[in-house]
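Okay, here's what each chain looks like letter by letter:
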Amino acid sequence: MENFIYSINATLPIFLIIILGGVLKKIGIIDEKFTKTADKYVFKIALPALVYKDLAGNNIRDIFRIDYVIFCFIVTFVCIMVIWILTDVFMKDESSKGAFIQGSYRSSAAILGLAFIENTYNDAGLAPLMIIGAVPLYNIFAVIILEIKGEKKKKIDFKSTVIAVFKNPILLAILFSLPFAFLDLSFPVFVEKAISGVASTASPLALISIGAGFKLKGAIAKIKPTIIASFTKLVLLAAIFLPLAIYIGYRNQELMAILIMLGSPATVSCYIMAKNTGNDAELTSSIIVVTTLFSSVTLTLWIYMLRIMGML
């Protein structure tokens, strides 16, 4: 019950901000121009700041375990590649493929993960190592997939795709942040506070934009891919890879971090990246809403099962 209450407290505020975005749009306080400007700001400024904060803000060197990082890296890579291949084989709607793939694998590992684990164990444990192993791959493959699958692409131009990938603000933020994480470097305190302040605007603005742009009729029209992606994100990946993690011997915080990596809801940044790369933002917002809604139940059930087994 304690974990369920915490899950509710972690996910309900997300819904309230999404609803607020819809209400603000309805009563005319914000409009389409505002959401476009907000999306651009979050994509180019706030999300890179958040990436830096999540990666560079943890002392990786003192807790570094190469086996754990490699495990998170390989599992994330396999998840992405299998979902990508199966989507290309079975999904007929080309315009929705990028959004579907991203929404099926990309977790709120950094945004939700650290807070969730700290609430349970009073310290983050190896969660920062999970972030190092998984989050850069989440973002790098999201950039690649969304650039390739974007609706504006008539055909794949390898050169322009590579250039677009390496110009992406999220990828540049990852490359910039990793030396800070591994070498325990930091800016002066006043600079770090400024970056943290900018980073804190990413999620609320993205959620308001989702609420302002959310169309129930469009979401219902895409209910089938939404349900499949949400089931994959919350249940299927965890069901496949948690037994492997248990077999290898991961327990407690390290296993909880893997659960968050595999079974937490789709991250809000999915929507901003999909919208800014010409992909299906409508499907993406539906996946975020559904995975966030049901994650409080699925995460609680996963934690309950693992505790009964004596793994947490």
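Summarised in this report is the structure supplied together with it. (Residues numbered from 1 in each chain as written. Predicted model: local features only at pLDDT ≥ 70, side-chain atom pairs only at ≥ 80, totals over all residues. Heavy atoms only, no water.)

What follows concerns the overall build of the protein chain. In terms of helices and strands, the protein chain carries 16 helices and 0 strands. A compact globule built from 312 residues should have a C-alpha radius of gyration of about 20 Å, and the protein chain, at 19 Å, falls within 12% of that. Seen through its C-alpha atoms, the protein chain measures out along the principal axes to roughly 50 × 45 × 45 Å. The proportion of buried residues among the 312 residues of the protein chain is 53%. Accessible surface, the protein chain: about 14400 Å² in total, of which carbon and sulfur atoms supply 70%. Averaged over its 28 positive side-chain charges, the protein chain has a centre that lies 8 Å from the centre of its 20 negative ones. (Helix = DSSP H or I, 4+ residues; strand = E, 2+ residues; numbered from the N terminus. Rg over C-alpha atoms; globule rule 2.2 N^0.38 Å. Buried < 20%, exposed > 50% of the residue type's maximum accessible area, 1.4 Å probe, protein only. Areas by Shrake-Rupley, 256 points an atom, 1.4 Å probe, with all protein chains shown as cover. Lys, Arg positive; Asp, Glu negative; His and termini not counted. Charge placed at Lys NZ, Arg CZ, Asp CG, Glu CD.)

Right, let's get into the state of the cysteines. Applying the stated criterion across every chain yields a total of 0 disulfides. The structure places no disulfide on Cys72, whose sulfur is separated from the nearest cysteine sulfur, that of Cys79, by 11 Å. With a relative accessible area of 0%, Cys72 lands in the buried category. Look at Cys79 and you get buried, because its relative accessible area is 6%. (Disulfide = S-S within 2.5 Å.)

Quick look at the packing of helix H2 (residues 32–56) against helix H9 (residues 169–183) now. Close contact between H2 and H9 brings their axes to 8 Å; oriented N to C, the two are set at 25°. Considering the angle they form, H2 stands roughly parallel to H9. Handedness of the crossing formed by H2 with H9: right-handed. Contacts between H2 and H9 involve Phe43, Lys44, Leu47, Pro48, Val51, Tyr52, Leu55 and Ala56 from the first element and Pro169, Ile170, Ala173, Ile174, Phe176, Ser177, Leu178, Phe180 and Ala181 from the second. When grouped by side-chain class, the residues that make up the contact of H2 with H9 number 15 nonpolar, 1 polar and 1 charged. (Axes fitted to C-alpha atoms, helices over the stretch in contact; angles between N-to-C directions. Parallel < 35°, antiparallel > 145°, perpendicular 65-115°, else oblique. Left-handed = near helix turned anticlockwise from the far one by under 90°. Contact = heavy atoms within 4.5 Å. Nonpolar A, V, L, I, M, F, W, Y, C, P; charged D, E, K, R; others polar.)

With 91 residues, the main nonpolar core has Tyr68, Tyr105, Met130, Leu242, Ile258, Met261 and Leu262 as its most contacted residues. The element that contributes the greatest number of residues to this core is helix H7 (residues 127–149), accounting for 14 residues. Not counting the four nearest positions on each side in its chain, Tyr68 is found in contact with Leu126, Leu129, Met130, Tyr250, Glu254, Ala257 and Ile258. (Core = buried A, V, L, I, M, F, W, Y, C linked by side-chain atoms within 4.5 Å.)

In this section: H9. For H9, spanning 15 residues, the distance from its first C-alpha to its last is 22 Å, which sits close to the expected 21 Å at 1.5 Å a residue. Considering bend angle alone, the principal kink of H9 is centred on Ser177 and spans about 30°; proline Pro179 follows within four residues of it. By the burial criterion, the buried members of H9 are Pro169, Ile170, Leu171, Ala173, Ile174, Ser177, Phe180 and Ala181. Those residues of H9 hidden inside the fold are in contact with H2, helix H3 (60–63), H7, helix H8 (158–167) and helix H15 (269–276). One side-chain oxygen of the residue at the start of H9 lies 2.9 Å from the amide nitrogen of Ile170, identifying that residue as Asn168. Positive phi shows up at Asp184, right after H9, with a value of about 55°. (Expected span 1.5 Å × (residues − 1). Bend = angle between axes of the 7 residues up to and from the residue. Polar contact = N/O pair within 3.5 Å; in protein donor to acceptor, adjacent residues only side chain to side chain.)

As a further point, take the packing of aromatic side chains. Scanning all chains against the criterion turns up 12 aromatic pairs. By way of ring pairs, the aromatic residues Tyr52, Phe176, Phe180 and Phe187 are connected into one cluster. (Phe/Tyr/Trp six-rings, centres within 6.5 Å; stacked < 30°, edge-to-face > 60°.)

Function cannot be read off these values alone, since they describe shape.
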